[in-house]
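Read off the chains here:
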Amino acid sequence: GGFRYVAGDYDDPRTFERLRTVLDELDRTRGTGGRHLHYLATPPATFPVIVAALGAHGLNRPPPEAPGAWVRIVVEKPYGRDLASARELDRLVHEVFDESQVYRIDHYLGKETAATSTTSRSPSPNRSGSGTGAASTSRPVRCATSCRTT
């Protein structure tokens, strides 16, 4: 396994361009084969920005040349502030991801799985408090993206 951290702001396209480069490199050098999991452990207000940016940079679909590849997104709750905001978030997520790609988890229930499977929860090194990490492991979920604020 290994870990790569890509620092940047959620609303900066260069962050997602660098993320694409890192994921492509991991696919080539670590044999991750286009299997990417984007894990959003971020404030709910950032979900729409991050989801839209993942879609705009083609990070919502597996590379067509990679057989067996998949892309999934995990969104940590709270999933909206109320029913109306949860439905709006669902609408935004489904503009970019198919329902079969979307996983919604409770922070406390998913914490151990995320910590031991694919994602490192280290503090962000940049001043904005946001960034993106890419990790690979020998487990079935081989690439992870973690956008997080401190």
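Residues numbered from 1 in each chain as written. Predicted model: local features only at pLDDT ≥ 70, side-chain atom pairs only at ≥ 80, totals over all residues. Heavy atoms only, no water.

Caption draft 1: The pattern of salt bridges, seen in detail. One pass over the structure, following the stated rule, counts seven salt bridges. Between R20 and D24 there is a salt bridge whose closest N-O contact spans 3.5 Å. Of this pair, R20 and D24 both sit in helix α1 (residues 13-30), four residues apart, which is roughly one turn of that helix. Judged by its relative accessible area of 30%, D24 is partly exposed. R91 is the partner of E95 in a salt bridge, and the nearest nitrogen-oxygen pair spans 2.4 Å. Here E95 pairs with R91, and both are found in helix α3 (residues 83-96), just four residues apart, close to one helical turn. Relative accessible area serves as the criterion here: at 55%, E95 is assigned to the exposed category. For R91, a relative accessible area of 41% translates into the label partly exposed. (Salt bridge = Lys/Arg side-chain N within 4 Å of Asp/Glu carboxyl O. Helix = DSSP H or I, 4+ residues; strand = E, 2+ residues; numbered from the N terminus. Buried < 20%, exposed > 50% of the residue type's maximum accessible area, 1.4 Å probe, protein only.)

Caption draft 2: Structural view of the pairing of strand β2 (residues 35-40). Where burial is concerned, most of β2 is hidden: six out of the six residues are buried. Of the two faces of β2, the one holding R35, L37 and Y39 and the one holding H36, H38 and L40 are both buried throughout. Pairing between β2 and strand β3 (residues 70-76): six bridges, direction parallel. Bridged to L40 within β3 is V75. Crossover β2 to β3 through helix α2 (residues 47-56) is right-handed. (Pairing = 2+ DSSP bridges. Right-handed = clockwise from strand over helix to strand, strands pointing away.)

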